[in-house]
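Single-letter residue listing:
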Amino acid sequence: MGPEGKRLLNIIILGFGFMFMFTAFQTCGNIEQTVIKSFNSTEFHGSGYTSMAIIYGVFSASNLIAPSVVTLIGPQFSMFFSGLLYSGYIAMFIYPYTWTFYTASVLVGIGAAVLWTAQGNVLAINSSDRTIGRNSGIFWALLQFSLFFGNLYIYCAWHGHDHITDKDRRTVFISLTVISLVGSSPWKRERGERLFLSLCSHMFTTREMLLLSVSIAYTGLELTFYSGVYGTSIGAMTRFGKDAKSLIGISGICIGVGEILGGGVFGLLNKSSRFGRNPVVLLGLIIHYLAFFLIFLNIANDAPLAPEAGTDLQAFITPSIGVALFCSFLLGLGDSCFNTQLLSIIGFTFRDNSAPAFAVFKFIQSIAAALAFFYSNYLLLQWQLLILVLLGFLGSTTFFMAEWAAEASRPQSDYDSI
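- Looking at an unreviewed UniProt entry, one finds the protein named Major facilitator superfamily domain containing 11 and attributed to Salarias fasciatus.
- UniProt lists a comment for the protein under the heading Sequence similarities (unreviewed entry), and it reads "Belongs to the unc-93 family."
- The Subcellular location (unreviewed entry) field of the UniProt record for the protein holds the comment "Membrane".

Next up, the structure:
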């Protein structure tokens, strides 16, 4: 196998490892607020939204030291030990206590920063200007298969259940812990760049990163919405019938189908390099706006904040399961448009210092996600959607400016955009 084939194989292995790990973690995040509401314990007082806010808050702060950790122990062991922290967080739900819940949230926030910094490093050093778009798409598509498999299991396990018993919870989280451990297996080691905190600080203040920071922040808010708030809202809709909770799993599958389709179309079938990245981001914004409008009409305004019994509040139209699941698909498809283009432009623009660049990317994204999980405890659905609409417009505008700058700086470059 030639050097190009080996680098492609590294990307595929990376994608499969993340697929297993996030089959467990993204499924956990999608259902944990619903699971917590059904705990048969008066000693547990945790909140899934608060936990996620802690995770992404610690995640953002830890990105300042993550590049140095990756330099010290290498991307192989960085991803391995981070994966163990993810597995520990999931295993905590087998026998949950409030103090272990929030302690695990802090630890997985630290692990996430190291994991994603190492991932960006491995993606960049196994890519060239010509292949960065293709490799970003391959990785993203494999990663998002995690939404399909994990949520399919949730649907099958919870179908027909209107209450999640302790036995149901333990069975699910034991399975997810094992899957996460499979994804945490040791990785092929690659040599990365030397990384320093000062380099991250300098990179954060560059014109390119400042422009991209708004669109990165938008993906953080959107991540919170589709991975936590929307699934919980569907599960709270009593007008969807007694199977509303099992619809959380189907919703996650539809999100995953959208993510996989987007990663494939704009990565594996990348034929539009002469048009740049901007058309894909614009398409993603249009798709998201359509999804937000339909969600506003179809889902009750208080659904994100409803108790375990759910909400009987009437939406603007007669609630439709088909529309709800179509919106899940649109959320995933639009998200893949934004994230594949961000991975591509960051890998291209900062290819000589990729790990610090991806650390800054995750720093900004996780701050936004932490903020969104915090306000999700208090804001009705309409206000959460309004914030997404406004930041989506600003983020797309600044992305266009960053892409034009990238094209102007390398007018003769034969790079791939997805």
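From this point, the narrative continues.
Section: a nonpolar patch on the surface
1) Next: On the surface, Phe16, Phe20, Ile174, Val178 and Val182 cluster together to form a nonpolar patch covering roughly 420 Å² of accessible area.
2) Next: For the nonpolar patch, the elements supplying multiple residues, two or more each, are helix H1 (3–37) and helix H6 (166–183).

Comments concerning the packing of aromatic side chains
1) Next: One pass over the full model with this rule turns up 26 aromatic pairs.
2) Next: For the pair Phe18 and Phe139, a centre-to-centre distance of 5.3 Å together with 70° between the ring planes defines the contact as edge-to-face. Remark: Phe139 occurs in helix H5 (residues 132–158) and Phe18 occurs in helix H1; sequence separation between them is 121 residues. Each member of the pair, Phe18 together with Phe139, is buried.
3) Next: Grouping aromatic residues by their ring pairs yields a cluster made of Phe18, Phe22, Phe25, Tyr86, Tyr89, Phe93, Phe101, Tyr102, Trp116, Phe139 and Phe173.
4) Next: Directly above the aromatic system of Trp116 lies the positively charged group of Lys362, at a separation of 4.0 Å from the ring centroid.

A short note on the packing of helix H4 (residues 98–125) against H5
1) Next: It is at 11 Å that the axes of H4 and H5 come closest, and there the two elements cross at 140°. Between H4 and H5, the angle is such that the two are oblique. Along its contact with H4, which presents Trp116, Gln119 and Leu123, the element H5 presents Ile132, Asn135, Ser136, Phe139 and Leu143.
2) Next: Tallied by class, the residues present in the contact of H4 with H5 amount to five nonpolar, three polar and no charged.

Examining the nonpolar core
1) Next: With 112 residues, the main nonpolar core has Tyr89 and Phe173 as its most contacted residues.
2) Next: Residues lining this core come from more than one domain, with at least three contributed by each of domain 1 (8–181) and domain 2 (202–406).
3) Next: Dropping the residues within four chain positions of it, Tyr89 is found in contact with Phe25, Cys28, Glu32, Ser51, Met52, Ile55, Phe101, Ala104, Ser105 and Val108.

Section: helix H2 (residues 48–62)
1) Next: The end-to-end C-alpha distance of H2, which contains 15 residues, comes to 21 Å, matching closely the 21 Å that a straight helix rising 1.5 Å per residue would cover.
2) Next: Among the 15 residues in H2, eleven count as buried, and that is most of the element.
3) Next: Those residues of H2 not exposed but buried are Gly48, Tyr49, Ser51, Met52, Ala53, Ile55, Tyr56, Val58, Phe59, Ser60 and Ser62.
4) Next: Where H2 starts, the residue carrying a side-chain oxygen 3.4 Å from the main-chain nitrogen of Tyr49 turns out to be Ser47.

So, how was this worked out
- Residues numbered from 1 in each chain as written.
- Predicted model: local features only at pLDDT ≥ 70, side-chain atom pairs only at ≥ 80, totals over all residues.
- Heavy atoms only, no water.
- UniProt positions renumbered as here; feature names shortened; annotations may be inferred.
- Patch = residues over 30% accessible without salt bridge, like charges linked within 9 Å, V, L, I, M, F, W, Y side chains within 5 Å.
- Areas by Shrake-Rupley, 256 points an atom, 1.4 Å probe, with all protein chains shown as cover.
- Salt bridge = Lys/Arg side-chain N within 4 Å of Asp/Glu carboxyl O.
- Helix = DSSP H or I, 4+ residues; strand = E, 2+ residues; numbered from the N terminus.
- Phe/Tyr/Trp six-rings, centres within 6.5 Å; stacked < 30°, edge-to-face > 60°.
- Buried < 20%, exposed > 50% of the residue type's maximum accessible area, 1.4 Å probe, protein only.
- Lys NZ or Arg CZ within 6 Å of the ring centre and 35° of its normal.
- Axes fitted to C-alpha atoms, helices over the stretch in contact; angles between N-to-C directions.
- Parallel < 35°, antiparallel > 145°, perpendicular 65-115°, else oblique.
- Contact = heavy atoms within 4.5 Å.
- Nonpolar A, V, L, I, M, F, W, Y, C, P; charged D, E, K, R; others polar.
- Core = buried A, V, L, I, M, F, W, Y, C linked by side-chain atoms within 4.5 Å.
- Domains from an automatic or database assignment.
- Expected span 1.5 Å × (residues − 1).
- Polar contact = N/O pair within 3.5 Å; in protein donor to acceptor, adjacent residues only side chain to side chain.

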